[in-house]
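Each chain, letter by letter, is given below.
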Amino acid sequence: MESLPLNTSAYGSSVLNTSVYVCEITINKFQRSSGIFFGDNPLKYTLPVIVLQTSIVALLTAILQFVLAPYGVTSFFPHLLAGLIMGPSVLGQIEIVRKYLFPPRTFYINDTISFFGSMMYMFLIGVKIDLSSVVKALKRGKRAWAIGTCSFIVPLILSTISALVLRVRLSSEEENLYSAIIIIAPILSTTSFHVTATHLADLKLLNSEIGRIGGPSAMVGGTLTAILVTALFSLRQSNLRQDNSFSMMMVSLIVLVIFIVCVLRPIMFWMIRRTPKGKPIKESYILSVFLMLLGCSFFGEFIGEHFMVGPILLGLAVPDGPPLASALVEKLDTLVSAVFLPLYFLFSGSKFKVFLIDTPSFALVQLVAFFSFLGKVIGTTLPALYCKLPLNDALCLGLIMSARGVTELLYFQAAQHILIMDGESYGNVVIAMLWMTGVATPLAKYLHDPSKRYLSHIRKRNIEHTSPNAELRLMACIHCEENSPSIINILEMSNPTEESPICLYVLHLIQLTCRAVPLLIDHQPENKTNSESLYTSESQHIINAFRLYEEQNPGKVVVKIFTSISPNETMHDEICIQAADKRVSMLIIPFHKQRTSNGFSESALPVRALNHHLLSIAPCSVGILVERGTLNMNSALTCVSFYSVGVVFIEGPDDREALVYAMRMAERPNVRVTVIRLVEPQRMKNRFLMSWDSDGHLIHKFKVDYIHIKRHDYREEIVRDSLEVINVVRSLEGCFDLILVGRRHASESSSLFSGLTEWNEYPELGFVGDMLVSSVSTFDGSVLVVQQQKLGAIHHDEDQEKPFTIVEMPHDRIEQCSEPLTNSGSVERWRRLGKAVISVLLVE
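Throughout this document, residue positions are counted from 1 along each chain, in the order its sequence is written. Given that the model is predicted, a residue must reach a pLDDT of at least 70 before its local features are reported, and side-chain atom pairs must reach 80 or more before they are shown or counted; all residues, however, enter totals for whole chains, interfaces and linings. Each side-chain value is worked out from all heavy atoms of the structure, with water and hydrogens disregarded.

### Re the overall build of the chain
Helix numbering and strand numbering both begin at the N terminus, where a helix is a DSSP run of H or I of at least 4 residues and a strand a DSSP run of E of at least 2. Regarding its fold elements, the chain presents 30 helices and 15 strands. Put simply, the chain has 844 residues, and 56% of those count as buried. Methods summary: accessible areas were calculated by the Shrake-Rupley approach with a probe of 1.4 Å, and residue burial reflects only the protein chains presented. Carbon and sulfur atoms provide 61% of the accessible area of the chain, an area that totals close to 36,600 Å². Relative accessibility under 20% of the residue-type maximum defines a buried residue, over 50% an exposed one, and the middle range a partly exposed one, all with a 1.4 Å probe and only protein chains included.

### A word on the side chain of Gln-366
Tracing the sequence through the fold places Gln-366 in helix α14 (residues 359–386). With relative accessibility at 11%, the residue Gln-366 sits in the buried group. Contacts were defined at the residue level, with two residues in contact if any of their heavy atoms lie within 4.5 Å. Ignoring sequence-local partners within four residues, the contact set of Gln-366 consists of Asn-428, Ile-431, Ala-432 and Trp-435.

### Some thoughts on the pattern of salt bridges
Salt bridge, as applied in this entry: a Lys or Arg side-chain nitrogen positioned within 4 Å of an Asp or Glu carboxyl oxygen. In this structure the tally under the stated criterion is 10 salt bridges. Arg-668 serves as the salt-bridge partner of Glu-492, at 2.6 Å between the closest nitrogen and oxygen. On the criterion of sequence distance, the pair formed by Glu-492 in helix α19 (residues 484–493) and Arg-668 in the loop between α24 (653–665) and β12 (671–679) is long-range, its members being 176 residues apart. Assigned by exposure class, Glu-492 and Arg-668 land together as buried. Here Lys-701 and Asp-705 are joined by a salt bridge, their closest N and O atoms 3.2 Å apart.

### Topic: the confidence of the model for the chain
Note: pLDDT gives the predictor's confidence per residue, expressed from 0 to 100. Residues at a pLDDT of 70 or more form 77% of the chain, whose mean pLDDT is 76. Contacts of residues 1–18 to residues separated by more than four positions or lying in other chains number 53 contacts, the stretch itself having pLDDT below 50. Here residues 596–600 is modelled with pLDDT under 50, and outside its nearest four sequence neighbours on either side it reaches seven contacts, counting other chains as well.

### Comments concerning the nonpolar core
Side-chain atoms within 4.5 Å are what join buried Ala, Val, Leu, Ile, Met, Phe, Trp, Tyr and Cys residues into a set we call a nonpolar core. In this structure, Phe-123, Leu-314, Tyr-344 and Phe-412 are the most contacted members of the largest nonpolar core, which totals 112 residues. Here this core gets 12 residues from one element, more than from any other, and that element is helix α13 (residues 324–350). Those residues in contact with Phe-412 that lie beyond four places of it in its chain are Ile-184, Ile-187, Leu-188, Met-421, Tyr-426, Val-429 and Met-433.

### Notes on the environment of Ile-378
Among the secondary structure elements, Ile-378 is positioned in helix α14. Under the relative-accessibility criterion, Ile-378 is labelled partly exposed at 35%. On a C-alpha basis, the gap between Ile-378 and Gly-398 in space is 7.0 Å, while along the polypeptide they are 20 residues apart.

### Points about the packing of aromatic side chains
Between 30 and 60 degrees the pair is tilted, below 30 it is stacked and above 60 it is edge-to-face, where a pair is any two Phe, Tyr or Trp rings, Trp via its six-membered ring, whose centres lie within 6.5 Å. As enumerated under the stated definition, the model contains 13 aromatic pairs in all. With a centroid separation of 5.7 Å and an interplanar angle of 70 degrees, the aromatic rings of Phe-76 and Phe-345 are classed as edge-to-face. Taken together, the positions of Phe-76 in helix α2 (residues 76–86) and Phe-345 in helix α13 put the pair 269 residues apart, joining distant regions of the chain. We note that Phe-76, like Phe-345, is buried. In textbook terms, an aromatic cluster arises when at least three aromatic residues are bridged by ring pairs, as seen for Phe-76, Phe-115, Tyr-344, Phe-345 and Phe-347. Criterion for a charge above a ring: Arg CZ or Lys NZ at most 6 Å from the ring centre, at most 35 degrees from the ring normal. Looking at Lys-582, its charged tip hangs above the ring of Phe-562, at a distance of 5.0 Å from the centre.

### Section: the environment of Gly-148
Summarising the element assignment, Gly-148 is placed in helix α6 (residues 143–166). Remark: the alpha-carbon pair of Gly-148 and Pro-216, spanning 68 residues in sequence, is separated by 7.7 Å. Apart from the residues lying within four places of it in its own chain, the contact partners of Gly-148 are Ser-217, Val-220 and Gly-221.

### Comments concerning the sheet that holds strand β4 (residues 502–511)
In space, the 11 strands of this open sheet follow the order β5-β6-β4-β3-β7-β10-β15-β14-β11-β12-β13, with mixed pairing throughout. With partners counted over all chains shown, the strands left at the sheet margins are β5 (519–522) and β13 (713–718), one partner each. Averaged over all adjacent pairs, the angle separating strand axes in this sheet is 20 degrees, with direction ignored. Two elements, β4 and strand β6 (residues 557–566), share 10 bridges in a ladder whose sense is parallel. From the neighbouring strand, Leu-504 faces β6, where its bridge partner is Val-559. Angular values range over 0 to 180 degrees, each being the angle between N-to-C directions of two axes fitted as lines to C-alpha atoms, with helices fitted over their stretch in contact. On the sheet, helix α29 (residues 766–773) packs against β10 (621–626), β11 (643–649), β14 (738–742) and β15 (782–787) and is oriented at approximately 150 degrees with respect to β14. Paired strands, in this sense, are two strands between which DSSP finds at least two bridges.

Now the structure itself:
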């Protein structure tokens, strides 16, 4: 028989003055179950129960996160709520659940696994932190110092004063809370960089101005917090032992820091140097870092500090970026976040017992929490306003800094372990943390909209409204170095001259995987930084190619190259902010599929989602470039090529934007531009009105300025329905190196596009662009799909189903450069349309 305390701390020490002991037979309890088919109950054994606990809490956490995330609730809230639901206060009240799902024998094993998971979690957050960028931000300005210091001092003073005033109302029966409330107040006022970075990431604000200020500010407040909490806990432990062990603990902690910085960090740099560029790091090196983690955690426990101290310090010491940090995050992040972390919150919820809480103590602790919350918001908002941050952003930052997280929960559990607070006080502060986070983050999401920064511009940013003699500003997004040749060729075709130069901003996009804070690296020679060297290798070929082209065109082209490291979910915000700040007229983005020797290769799904976001909210015109043909094979750096450019013009601002861009290209001696205008018969009857609208005026300008130049051409095609549109588009195959088309058309509801919705394989390219790029098309040139953006308006494009209509079969209009009608891809498209038309006829 074995006796086991029912109310124990994480380390087995009694927390309450009275403990209830239960007796349980230990025979065979650690052996595996024989299974239900042999008459054995698996729930009587420890391993199946722990597996069941882990599965249920992970599933419940995922469900709560899925339901609550749209309301701005960050991951900490559903994690903690799932732990409380699974604990003794909710499901634990059910007799059968308490008997089989939470037997006392699983307490110690479950607690050990959960603390191991939380240790790994805090280590990974430390790995994601780039101290060099934070230090650089702290050196550049005083905003982070002012906000971080005030956000720590103001709530600390306000909550401590309120605690001292309120505890006079405590009776002698509440002696535990009388002493604990003085510790509860400062811990509720703490700041943690880990927690703030997590909330910013969950709210997708890392790329915003709030994220760039909040990270360094939280680092300042977190450092002050760590000093305060370490001193408080060390003094408490020294008083419990009634000896002078505090000084020895501090000396040992300093020794640990020196050992990590001077021994373990250089070893990790040696591992990186031994890893060839572009190659994954060895598994033995990953194992070595893992052993370092366990050793640092053990040493922290050995000297009497919290076991989290060593992993946090070691995580901060891991060199930022690939190959080591990225490998650690890739291997551990999902397992730790999805399995081990929910198990830790299950442990935290098992220590929460609502029946221990009485009304007076609950009210007092919540009042202290309210003053702490208020102090944090005020202490962050006021200095942020003084630093000229907008009111909404300042208030949003204050709310995010006031939200609680895992770090504060660990502080309270450590306080419970060293007998600063009892189970009742712990339950009170858990409730306080729950409502503080549940109120703060949804309000922050409601107040802050990152798109306001780049959608508030009044002036139009597009090529049509740019003066012909002014500098043309373009921005190109690049995912890999294979995108560079086509962008350089587009730049060459855009006719940069000394009278009308082009400023090209190149944004190399890298997904944020091993960092807690996004990074924007300026690759201008005067802006070299230490952090840049970690990521320059990935961008070096791109930098060299564009630098060489710039040197070959002095006074005509200025290229400014940046590397943006940000999460996929918020990458569009970073691009739009840069496009607005740089005042570019057009943003050129690569299509998510590229043509290779074996056909099309499709990029990751986030690239297509990114393009959809940019089409909806970009503060300038957008061009989606489908890279194929001579734009990839020929290089403007090594040879002079002749380019044949076609423009399919129907109507609307998108087509005008494409035509204006092509007219700029027409000024280039080695570019031939052909405009093909598709006109409906009823519009041809009223040529007077057709010539004097916006579209007709631009067509007239093209005829006057460029048709007299022999290499340029213009022709009109009369089309009556979608089949004739398809026939004309098909006739362009093999004629052009690049075709410019508008994405949207004012007459998309007319017969010209009837039935094409069902064929639209890539809605982001529009009807005409989709015909040229779809899987059944044989067009082998490149395509630039242009959309002229209306600033201040967010577009929501939906694929609405449109019924087929009965159309006439098209007459032959096969141009001299087109392929025969027997082309297999075209036949397939015709067969599909024929079936659709026949089905409509049969129905009618």
